[in-house]
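Take a look at the letters that make up each chain.
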Amino acid sequence: MLVPPFSHQTALEKVRMAEDAWNSCDPQRVSQVYSEDTRWRNRSEFVSGRAEVVAFLQRKWAKELNYRLIKELWAWHEDKLAVRFAYEWQDDSGNWFRSYGNENWHFGADGLMIQRFACINDLPITAQQRLFHWPAGRRPDDHPGLSELGL
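Values in this document were obtained by computation on a predicted structure and should not be read as measured data.

**Q** What exactly am I supposed to notice about the nonpolar core here?
**A** Note that soluble globular proteins tend to have their nonpolar side chains buried in a common cluster. Among the nonpolar cores identified, the biggest contains 29 residues, and W22, W40, L57, L81 and W105 are the most heavily contacted of them. Listed by contribution, the elements that provide at least two residues to this core are α1 (8-23), β1 (34-42), α3 (50-63), β3 (65-77), β4 (80-90), β5 (96-107) and β6 (113-125). Sequence-distant contacts of W22, that is, excluding residues within four places in its chain, are made with V30, Y34, W40, L57, K60, W61, Y67, L69, K71 and R116. A86, F132, W134 and L146 belong to the second-largest nonpolar core, a separate cluster that totals 5 residues.

Pasting the structure below:
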């Protein structure tokens, strides 16, 4: 596990590892990088503890179908990372969305995330406006990131 203080390289690795985990859409896998007593603010929801993280992610991915996410490091300092992201998803009526956001992450000495604060906005898009085209799971290494896509 990567632990603070982070260098530019380890911060980049931490962000990609998080992206890969979230693209798995596996709440148990994702929850393992958060401390047992992690605290989140995600949109208007407040989450406390790893068990609530799992429940939150189960609800999220029951609603956000065909989920594809790209994260990008924005800034880092010792035990904190700032990340921007975008993800595309489809609702159960077939409507597509691109959600844009920023996250602030704070890590404990063990490398587990103790705080996550996320601000997210949703933009309805058409299927033709989608930019994230890869099979479910990890984004391929040759797929452009946010900056390369102009996002």
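There is more to say, and it comes next.
**Q** Got a minute to help me understand α1 in this structure?
**A** In an α-helix, one turn spans 3.6 residues; hence positions three or four apart end up facing the same way. Over its 16 residues, α1 runs 23 Å from end to end, which matches the ideal 22 Å to within 8%, given 1.5 Å per residue. Along α1, the residues that are buried comprise T10, A11, K14, V15, R16, A18, E19, D20, A21, W22 and N23. Looking at the residues trailing α1, positive phi occurs at C25, about 55°.

**Q** Which parts of the structure should I look at to understand the pairing of β3?
**A** Along a regular strand, successive side chains alternate from one face of the sheet to the other. Both β3 and β4 contribute to a ladder of 10 bridges, which runs antiparallel. Bridge pairing in β4 places A75 opposite A82. Between β3 and β4, which pair antiparallel one after the other, the connecting turn spans 2 residues, and E78 there sits at a positive phi close to 50°.

What counts, and where the lines are drawn
Residues numbered from 1 in each chain as written. Predicted model: local features only at pLDDT ≥ 70, side-chain atom pairs only at ≥ 80, totals over all residues. Heavy atoms only, no water. Core = buried A, V, L, I, M, F, W, Y, C linked by side-chain atoms within 4.5 Å. Buried < 20%, exposed > 50% of the residue type's maximum accessible area, 1.4 Å probe, protein only. Helix = DSSP H or I, 4+ residues; strand = E, 2+ residues; numbered from the N terminus. Contact = heavy atoms within 4.5 Å. Expected span 1.5 Å × (residues − 1). Pairing = 2+ DSSP bridges.

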